[in-house]
Amino acid sequence: MATSGTSVLMSGFIRYLNAPPTRRSSTAREAVGGDYRFATDYYALMRQAVSRDRATSRDGSEVITLATNASARKRNRYEALAASWCTVQRRWNDYSPTTLPTALPVALGGLKIPVKAAFAEVPPDGTTEVVYVRYALEEIAEPVADGILRLLQLAYPGTAPVLVDLSHEVVRTSEGRKLARYDSWLEAEAAGLAHLLLNAA
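Note that the structure is predicted; figures quoted are calculated from it, not measured. (Residues numbered from 1 in each chain as written. Predicted model: local features only at pLDDT ≥ 70, side-chain atom pairs only at ≥ 80, totals over all residues. Heavy atoms only, no water.)

Participant: Please give an account of the overall build of the chain that cites residues and values.
Facilitator: Helices and strands together make up the secondary structure of the chain, namely 7 helices and 8 strands. Over its C-alpha trace the chain gives a radius of gyration of 17 Å, about what one expects of a compact globule, namely 17 Å for 201 residues. Counting only C-alpha atoms, the chain reaches 50 × 45 × 25 Å along its principal axes. Residues classed as buried in the chain amount to 45% of the 201 residues present. Counting only carbon and sulfur atoms, one obtains 53% of the accessible surface of the chain, whose full area is about 10,400 Å². Across the chain, the centroid of the 23 positively charged side chains sits 5 Å from that of the 21 negatively charged ones. (Helix = DSSP H or I, 4+ residues; strand = E, 2+ residues; numbered from the N terminus. Rg over C-alpha atoms; globule rule 2.2 N^0.38 Å. Buried < 20%, exposed > 50% of the residue type's maximum accessible area, 1.4 Å probe, protein only. Areas by Shrake-Rupley, 256 points an atom, 1.4 Å probe, with all protein chains shown as cover. Lys, Arg positive; Asp, Glu negative; His and termini not counted. Charge placed at Lys NZ, Arg CZ, Asp CG, Glu CD.)

Participant: Mind laying out helix α7 (residues 183-198), listing which residues take part and the relevant values?
Facilitator: Its 16 residues give α7 an end-to-end C-alpha distance of 22 Å, which sits within 8% of 22 Å, the value for a rise of 1.5 Å per residue. Within α7, burial applies to L186, E189, A190, L193, A194 and L197. In a view along the axis of α7, the buried residues occupy a sector of 140 degrees, so they form one face of it. When the buried face of α7 is taken as reference, the exposed residues oriented beyond 90 degrees from it are S184 and H195. (Expected span 1.5 Å × (residues − 1). Arc of directions from axis to C-beta.)

Participant: Could you give me a rundown of the layout of surface pockets, with the residues and numbers involved?
Facilitator: Within this model, the largest pocket holds a volume of roughly 1,300 Å³. Surrounding the largest pocket, 33 residues form its lining, S11, R15, D41, R47 and Y132 being those nearest its centre. Put simply, the parts of the chain that give the lining of the largest pocket at least two residues each are α1 (10-18), α2 (24-31), α3 (44-55) and β6 (129-134). No other element matches the 5 residues that α1 contributes to the lining of the largest pocket. (1 Å grid on protein atoms, 1.4 Å probe; cavity = no way out; pocket = protein on both sides within 12 Å on 5 of 7 lines; lining within 4 Å. Points joined across faces, edges and corners; volume = space filled by probe spheres on them.)

Participant: Any details on the sheet that holds strand β4 (residues 111-112)? Residues and values, ideally.
Facilitator: The 3 strands lie next to each other as β1-β4-β3, forming an open sheet whose pairing is mixed. Because the sheet does not close on itself, it has two edges, and the strands there are β1 (6-7) and β3 (107-108). Note: β1 against β4, 2 bridges, orientation parallel. Bridge pairing in β4 links T6 to L111. (Pairing = 2+ DSSP bridges.)

Participant: If you had to explain the pattern of salt bridges to someone new, which residues and values would you point to?
Facilitator: Tallied over the entire structure, the rule returns 11 salt bridges. The salt bridge partner of R54 is E121, with a shortest N-O separation of 3.0 Å. Within this pair, whereas R54 is found in helix α3, its partner E121 is found in strand β5 (residues 119-122), the two being separated by 67 residues in sequence. Residue class for R54 comes out buried when judged on its relative accessible area of 4%. Judged by relative accessible area, which is 0%, E121 ranks as buried. Here E129 ties to R91 by a salt bridge, and the two come within 2.5 Å at their closest N and O atoms. Pair noted here: E129 is in strand β6 and R91 is in the loop between α5 (72-88) and β2 (96-98), with a separation of 38 residues, a long-range link. The partly exposed category is assigned to R91, whose relative accessible area is 30%. (Salt bridge = Lys/Arg side-chain N within 4 Å of Asp/Glu carboxyl O.)

Participant: For a nonpolar patch on the surface, give the residues involved together with the corresponding values.
Facilitator: Residues Y36, F38 and L45 make up a contiguous nonpolar surface patch of roughly 310 Å² in combined accessible area. Structurally, F38 is set in the loop between α2 and α3. F38 gets classed as partly exposed once you look at its relative accessible area, which sits at 39%. (Patch = residues over 30% accessible without salt bridge, like charges linked within 9 Å, V, L, I, M, F, W, Y side chains within 5 Å.)

Participant: Please set out the sheet that holds β2 residue by residue, giving values where relevant.
Facilitator: Backbone hydrogen bonds are what pair the strands of a sheet, in a parallel or an antiparallel way. Read from one edge to the other, the open sheet built from 5 strands follows the order β2-β5-β6-β7-β8, with strand pairing classed as mixed. Of all strands in the sheet, those bounded by a partner on one side alone are β2 and β8 (170-173). The sheet shows a mean angle of 30 degrees between the axes of neighbouring strands, taken without regard to direction. Pairing analysis gives 6 bridges linking β6 to strand β7 (residues 160-165), with the strands arranged parallel. What sits directly across from Y132, in β7, is L163. With respect to the sheet, helix α6 (residues 142-155) is in contact with β6, β7 and β8, its orientation differing from that of β7 by roughly 140 degrees. (Axes fitted to C-alpha atoms, helices over the stretch in contact; angles between N-to-C directions. Contact = heavy atoms within 4.5 Å.)

Structure below.
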């Protein structure tokens, strides 16, 4: 059940935005999450490996090692993600790592949406990129991708948001995009999600 100021997972909100109409109700229920269990989080180890890689070797080796040693159930998927990571991580070859700024709270449509980037990097021009990595296999609609960038922009003002759609080796930046135009859409979608949660059995 949703109450005023209900928190939903950022990943859950993204899935809701990206879901076809026939899956909106089921995706809405998943957006709230529940008792988190590391053992059942399919991408948890991959997220950890990406973070270690950015903080240590910065060459993809941490992710490759994880994929090589993954369980039989995960190995093929993890190896594909590792190959994609080794491609996209070259973007930051000339960048410097930096501490991820503290995210501001984001509230839309009566929902609280905690926004959390994966890491931050500083290019030669001195700006700060905050990077969100998406691991899901499903293709993401263009407005949803821009919506993610806008959420990052709201949570980390003064930074340059970046979305990595790792399964498809796509890096999307905020450069040249008027992301504020998605505000009314995000507000309306969040309100719709809040309504579904409020009326859920």
